[in-house]
Amino acid sequence: MGKKLTLDEVFDLAKACMLANGCDEANSDAVARTVTNAERDMCLSHGLFRVPGYAGGVKSGVARGTARPVAKRIAPGLIAVDGDGGPAPLAIQTAHEAIIPAVREQGIVAASINDIFHLSALWPEVEPLAEQGIVAMACCVAGSYVAPAGGTKPLFGTNPFAFGWPRKDAPPAVFDQASAAMARGEIQIAQRDGHSVPEGTGIDKDGKPTTDPTAILEGAQLAFGGYKGASLAMMVELLAGALVGGKFSYETSVDVGNGPTLGRHSEVIIAIDPARFGGDGFLDRGEELFDKILSQEGTRLPGERRFNNREITSREGVDVPQSLFDSLLELRG
Ligand code: NDP
């Protein structure tokens, strides 16, 4: 049993929770829009489920609910966004506003986004750019949850990496995946709902393989694909941590009085205007590849599930688990 909400009701509830916990109008709007878009696409581990984390982060002082992110063009092809300690969505909006004109002019732009509190999916970073005809990739460090290949202790974040490619007469092709075998939010949802998780998701605190979500949350997650995923997680640490002057995942933890919790961190977005390579055939060439992929039975493009879900949720609304709905009402006060 759960609660059925329209997308407008999702937005209003998320925004009210943020406003009630110390976030100003602009930051509450930005968080609520990100959360609502995740519910719209049925990305449940980054929808309303994340509101207690964002609101708690602001209430505890880990994140600044009145942050005013600022973007600076520090070189022709480089943008530095100071997130001002706020929840990530407003800083990402600020980054997009700076990236789009710069990449049209320059052809390629890398943007650092520092001092943000990021609990969202990463497709919102690349999809709006791909919708404007821009190829984009983004990656972000997270809390220290994933063991390095062969190790048993958490070190890397679950470190998502997202990529967006514009399409001719269709929504962009977008993939967004954690370097971990499973996103932490999914493991937390399995724990909440009393389900086990697939083998290979993680190990317990003694380093033994387990399918028990609680044991994994107390032990360590594993990267997808063994050492290959672990190398991607390492790359994300280097790009979204070292390169942009941010923290590594193992440095993001803070204690504001209630034990260690995720603190502020950083991410990077790299955007390319494909038209600046001189040819105008890139869209057609992309479609050729997509046609080849889709000609095989059983295939689909990444992002398609989300786009299809939009039709369903805009018509039917979304189902929110009763326990989550009740906790949000409490948070809203
Ligand atoms: P999934 O494994 O669910 O999906 C990864 C990608 O693969 C998606 O783009 C998905 O597209 C695509 N995909 C899935 N099945 C197929 C298929 N059969 N054919 C083609 N493409 C497919 O994601 P993860 O569990 O790895 O990550 C979930 C979310 O967690 C991500 O949004 C990530 O950004 C987020 N996250 C956020 C963190 C943070 O710190 N903020 C940390 C770690 C993760 P589709 O959406 O269409 O299904």
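Residues numbered from 1 in each chain as written. Predicted model: local features only at pLDDT ≥ 70, side-chain atom pairs only at ≥ 80, totals over all residues. Heavy atoms only, no water.

1. A closer look at the packing of helix α1 (residues 7-19) against helix α2 (residues 25-40)
Two packed helices can be described by the angle between their axes and the distance between those axes. Between α1 and α2, whose axes approach to 8 Å, the crossing angle comes to 140 degrees. Taken together, the axes of α1 and α2 are oblique relative to one another. Read as a crossing pair, α1 and α2 show a hand that is right-handed. The segment α1 lies against α2, with Leu7, Val10, Phe11, Ala14, Lys15, Met18 and Leu19 engaging Glu25, Ser28, Asp29, Val31, Ala32, Arg33, Val35, Thr36, Glu39 and Arg40. Its residues assigned to classes, the contact of α1 with α2 comprises 9 nonpolar, 2 polar and 6 charged. (Axes fitted to C-alpha atoms, helices over the stretch in contact; angles between N-to-C directions. Helix = DSSP H or I, 4+ residues; strand = E, 2+ residues; numbered from the N terminus. Parallel < 35°, antiparallel > 145°, perpendicular 65-115°, else oblique. Left-handed = near helix turned anticlockwise from the far one by under 90°. Contact = heavy atoms within 4.5 Å. Nonpolar A, V, L, I, M, F, W, Y, C, P; charged D, E, K, R; others polar.)

2. As for the pattern of salt bridges
Tallied over the entire structure, the rule returns 18 salt bridges. The salt bridge partner of Asp41 is Arg40, with a shortest N-O separation of 2.8 Å. A network of salt bridges, in which partner residues are shared, links Arg40, Asp41, Glu127, Arg306 and Arg310. (Salt bridge = Lys/Arg side-chain N within 4 Å of Asp/Glu carboxyl O.)

3. Quick notes on the site of the ligand
As a matter of local geometry, the ligand sits amid 21 residues, with Ser120, Asp176, Ala178, Gly303 and Arg305 nearest to it. Arg300 is positioned such that a nitrogen or oxygen atom in its side chain is 2.9 Å from an oxygen atom of the ligand. Coverage of the ligand by the protein chains reaches 73% of its 930 Å² of free accessible surface. Of all the elements in the fold, those that place two or more residues in the shell around the ligand are β7 (173-177) and α10 (304-316). Looking at side-chain class alone, the shell around the ligand contains 10 nonpolar, 6 polar and 5 charged residues. (Near = heavy atom within 4 Å. Polar contact = N/O pair within 3.5 Å; in protein donor to acceptor, adjacent residues only side chain to side chain. Areas by Shrake-Rupley, 256 points an atom, 1.4 Å probe, with all protein chains shown as cover.)

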